[in-house]
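Observations on chain architecture
One-letter residues, chain by chain:
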Amino acid sequence: MALYGGFSSSVLGMMSQAHALHNIGTNVANVNTGGYKRTDTNFTTVLSRSLQHLSDIGGVRPTDTSTITQQGVVVGSTSQTDVAISGRGFFVLNSKQDGTGISLFTRDGSFEIDTVNDISVSGIGGTTVTTKDGYLTDKNGYFVQGWPYTNGTVTTSGTPSSLRVDQFTFLDQFEATTSGILNLNLPASDTLNHINQYDISLVDSAGATQTAKLNFSKTGTNAWQVTTTTSQSPVAQVDTITLAGPTIEAGDIYSVTINGKTTTYTTNGAEGSIDSVRDALINQMNTDPQFNTTATAAAGATGEITITAVTAGTVLTTSVNATNGGVTADNTAGVLTTTANVPNTQTTAATAITFNALGKVTAPATLPLTLSFAGGSTSAITLDISNMTQFYGDFLPVSYSRDGFASASMESFTFDQSGNVVGNFDDGTFRNVYKLSLGVFANADGLEARNGNVYAISPESGDVTYVSAGVDGYATFTPNALELSNVDIAEEFTKMMTTQTAYNAASKVFNTADEMLMVARDLKR
């Protein structure tokens, strides 16, 4: 009987509108949820068998439509870890730091740093300190995925991985300097052999920033030479004094002179051996301020005094004298440098530089430098000096640039429009350390929604393709910004009123069918 269909159609109508109201309520509740995508409700008819154009059961059922691909409004943020996507694609996440978890995707770029593993780092005074590493995560604790830079380049063809961003992450990474460009003016009126110095910085083979001093001196008309001075590990000079005198007589005189300062010891005849004379001289030198600030004396073999420079790299000029005071002329003294002084700097051989009459460099166009430094590190750098000039005026450095970066701690980081994570290091450099990956789908609206405003791959969405922003043409990133939800509160209120009206109308149909059925029931009376 078609009358009973009035009950089913009205009930289906109320159920469908109730479902629509649920979606509206969820949308309204998430109006301020970053990156949230609203769900719209559409309706389709439901029919059973029909006989002579009459149907016992008919009605409606709801279908949900996702709006995942619809862009939300992008607004500014004060957090350096916030970033928004403008265009297609999703941030790629993984539920585990090592990448073995579930792959998830989100449009919410409100990121933070979570600590994960214990690590050991060098503390004050070289002590080992245990602390935690830090990884970039979303608000659910899922790990943001991207590709690392290696030697200034990034490969985006592989599977992305989690991004470690604590200050100790890149301490073992550096790039030694191999090339540089130097632009300066050498004064054409300079006097011969006058030295003009300019310091350049570079990164050595150990990843440390070093300074090399370039020494320019004029050698003739339009002719100059340049040497390079660098640090080296100094070695203290050691001189060995040998005293001899088989017969110790009163009045014998022994004297030692170091860098122009002299100390003298005159025997009294009671010393007994040359070692007693030696020990007396040692005591005088080590207690005399004019000596003990320059060198220290120590006993060696019989009759020997070892003189060691207090400051490594300081030259010692040592002499010794023995004068016979008795009747036996057998006193002798000699000195020998047993360890040569090594200063704390070293200078390379000179390289000639020539200019033409117009003050332009004619040769060489490049200056290859093979250097070494204190501690044993080295550097091989080629300087482009083709733009150096020789004009009248002052010695004037114009510019110097080089490649390479030193081992350093990362103090902070930011994002750029291409999705690069740009590290700010304590040596004053900025480096690209990671590139955020984008996940794109053939049907992104078919993704499966999960708790936490994230999505998972579903049969309807198709598999993910990893791309990079700003290169593959899918999207760009907006640093220090967030994408808001795509919910329009006014539109949702309009839908809510329409839904309420439809629900009330369906309930009225139910009441009317009930009244008509009661009338039909009473006809048998």
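1. Observations concerning the overall build of the protein chain
For the protein chain, the helix and strand inventory stands at four helices and 38 strands. Relative to the compact-globule value of 24 Å for 525 residues, the protein chain shows a C-alpha radius of gyration of 43 Å, a clear excess of over 25%. Overall size of the protein chain, expressed as C-alpha extent along the three principal axes, is 165 × 70 × 35 Å. Looking at the protein chain residue by residue over its 525 residues, the buried ones come to 39%. Pairs at least 24 apart in sequence give 64% of the contacts found in the protein chain among residues at least 6 apart. Of the accessible surface of the protein chain, which amounts to about 26,200 Å², a share of 53% is contributed by carbon and sulfur atoms.

2. What about the sheet that holds strand E22 (residues 304–309)?
In spatial order, the strands read E21-E22-E18-E24; together these four strands make up an open sheet with antiparallel pairing. Looking at strand neighbours, the two that pair on one side only are strand E21 (295–299) and strand E24 (332–339), the edges of this open sheet. Here the strands of the sheet are splayed against their neighbours by 25 degrees on average, with no regard to which way each runs. Pairing of E21 with E22, which is carried by five bridges, proceeds in the antiparallel orientation. Note that in E22 the partner of Ala297 across the bridge is Ile307. The sheet strands contacting helix H2 (residues 274–287) are strand E18 (238–244), E21 and E22, and the helix crosses E21 at an angle near 155 degrees.

3. Side note on the nonpolar core
Counting residues in each nonpolar core, the largest one holds 28 residues, and the members touching the most others are Phe415, Val421, Leu436 and Phe477. Looking at this core, the elements that each hand over two or more residues are strand E6 (83–87), strand E7 (90–94), strand E31 (410–415), strand E32 (420–425), strand E33 (430–440), strand E35 (454–456) and strand E37 (475–479). For this core, the leading source of residues is E33, giving five residues. Once you skip the residues sitting within four places of it in the chain, Phe415 turns out to touch Gln80, Thr81, Asp82, Val83, Phe111, Leu136, Asn420, Val421, Leu436 and Pro479.

4. Topic: the packing of aromatic side chains
Tallied over the entire structure, the rule returns ten aromatic pairs. Pairing Phe91 with Phe477 gives two aromatic rings, centres 5.7 Å apart and planes at 25 degrees, and the pair type is stacked. One end of the pair, Phe91, is in strand E7; the other, Phe477, is in strand E37, with 386 residues separating them in the sequence. Judged on exposure class, the residue Phe91 and its partner Phe477 are both buried. On the numbers, 6.3 Å between centres and 45 degrees between planes, the contact of Phe216 with Phe395 is tilted. Residue Phe216 is located in strand E16 (residues 209–220), and its partner Phe395 is located in the loop between strand E29 (378–384) and strand E30 (396–402); the two are separated by 179 residues in the primary sequence. Taken together, Phe90, Phe105, Phe441 and Tyr455 form an aromatic cluster joined through their ring pairs.

5. Regarding H2
Under the 1.5 Å per step criterion, the end-to-end length of H2 is 20 Å for 14 residues, consistent within 8% with the ideal 20 Å. Looking only at H2, the buried set comprises Ile274, Val277, Arg278, Ala280, Leu281, Ile282 and Met285. Each element contacted by the buried residues of H2 is listed here: E18, strand E19 (253–258), strand E20 (261–266), helix H3 (289–292), E21 and E22.

6. Digging into the sheet that holds E20
What the three strands build is an open sheet, ordered E20-E19-E23; its pairing is antiparallel. Because the sheet does not close on itself, it has two edges, and the strands there are E20 and strand E23 (318–323). When the angles between neighbouring strand axes are averaged without regard to direction, this sheet yields 15 degrees. In terms of strand pairing, E19 meets E23 through six bridges, oriented antiparallel.

7. Some words on helix H4 (residues 489–522)
Across its 34 residues, H4 extends 50 Å between first and last C-alpha, which sits within 8% of the 50 Å expected from 1.5 Å per residue. By the N-cap criterion, in which a side-chain oxygen at the helix start approaches the backbone nitrogen of a residue two or three places on, H4 is capped by Asp488, the distance to Ala490 being 3.1 Å.

8. Some details on the side chain of Thr230
Summarising the element assignment, Thr230 is placed in strand E17 (residues 223–231). Beyond its immediate chain neighbours, meaning those up to four positions away, Thr230 contacts Ala212, Asn344, Thr345, Gln346, Leu371, Ser372 and Phe373.

9. Some details on the environment of Leu171
Checked against the element boundaries, Leu171 lands in the loop between strand E13 (161–162) and strand E14 (179–185). Along the primary structure Leu171 and Ser122 are separated by 49 residues, whereas in three dimensions their C-alpha atoms are 11 Å apart. Beyond its immediate sequence surroundings of up to four residues, Leu171 is in contact with Ser407, Ala408 and Ser409.

10. Remarks on the environment of Ser468
With respect to the secondary-structure elements, Ser468 resides in strand E36 (residues 465–468). Sequence separation between Ser468 and Gly146 is 322 residues; the distance between their C-alpha atoms is 9.1 Å. In this structure, Ser468 is in contact with Trp147, Thr156 and Lys435, ignoring residues within four places of it in sequence.

11. Some remarks on the pattern of salt bridges
If you walk through the whole model with that rule in mind, you get 14 salt bridges. Lys495 serves as the salt-bridge partner of Asp40, at 2.8 Å between the closest nitrogen and oxygen. Pair noted here: Asp40 is in strand E1 (residues 39–47) and Lys495 is in helix H4, with a separation of 455 residues, a long-range link. Given a relative accessible area of 15%, Asp40 falls into the buried group. In this structure Lys495 comes out as partly exposed when scored by relative accessible area, which is 24%. Between Asp108 and Lys139 there is a salt bridge, with its nearest N and O atoms 2.9 Å apart. Of the two residues, Asp108 is situated in the loop between strand E8 (103–106) and strand E9 (112–122) and Lys139 in the loop between strand E10 (128–137) and strand E11 (143–150); the sequence distance between them amounts to 31 residues.

12. Looking at the side chain of Thr229
Within the fold, Thr229 resides in strand E17. A distance of 2.9 Å separates the side chain of Thr229 from the side chain of Thr347, its partner in a polar contact. Contact partners of Thr229, with chain neighbours within four places excluded, come to Thr211, Ala212, Lys213, Asn215, Thr345, Gln346 and Thr347.

Rules used throughout
Residues numbered from 1 in each chain as written. Predicted model: local features only at pLDDT ≥ 70, side-chain atom pairs only at ≥ 80, totals over all residues. Heavy atoms only, no water. Helix = DSSP H or I, 4+ residues; strand = E, 2+ residues; numbered from the N terminus. Rg over C-alpha atoms; globule rule 2.2 N^0.38 Å. Buried < 20%, exposed > 50% of the residue type's maximum accessible area, 1.4 Å probe, protein only. Contact = heavy atoms within 4.5 Å. Areas by Shrake-Rupley, 256 points an atom, 1.4 Å probe, with all protein chains shown as cover. Pairing = 2+ DSSP bridges. Axes fitted to C-alpha atoms, helices over the stretch in contact; angles between N-to-C directions. Core = buried A, V, L, I, M, F, W, Y, C linked by side-chain atoms within 4.5 Å. Phe/Tyr/Trp six-rings, centres within 6.5 Å; stacked < 30°, edge-to-face > 60°. Expected span 1.5 Å × (residues − 1). Polar contact = N/O pair within 3.5 Å; in protein donor to acceptor, adjacent residues only side chain to side chain. Salt bridge = Lys/Arg side-chain N within 4 Å of Asp/Glu carboxyl O.

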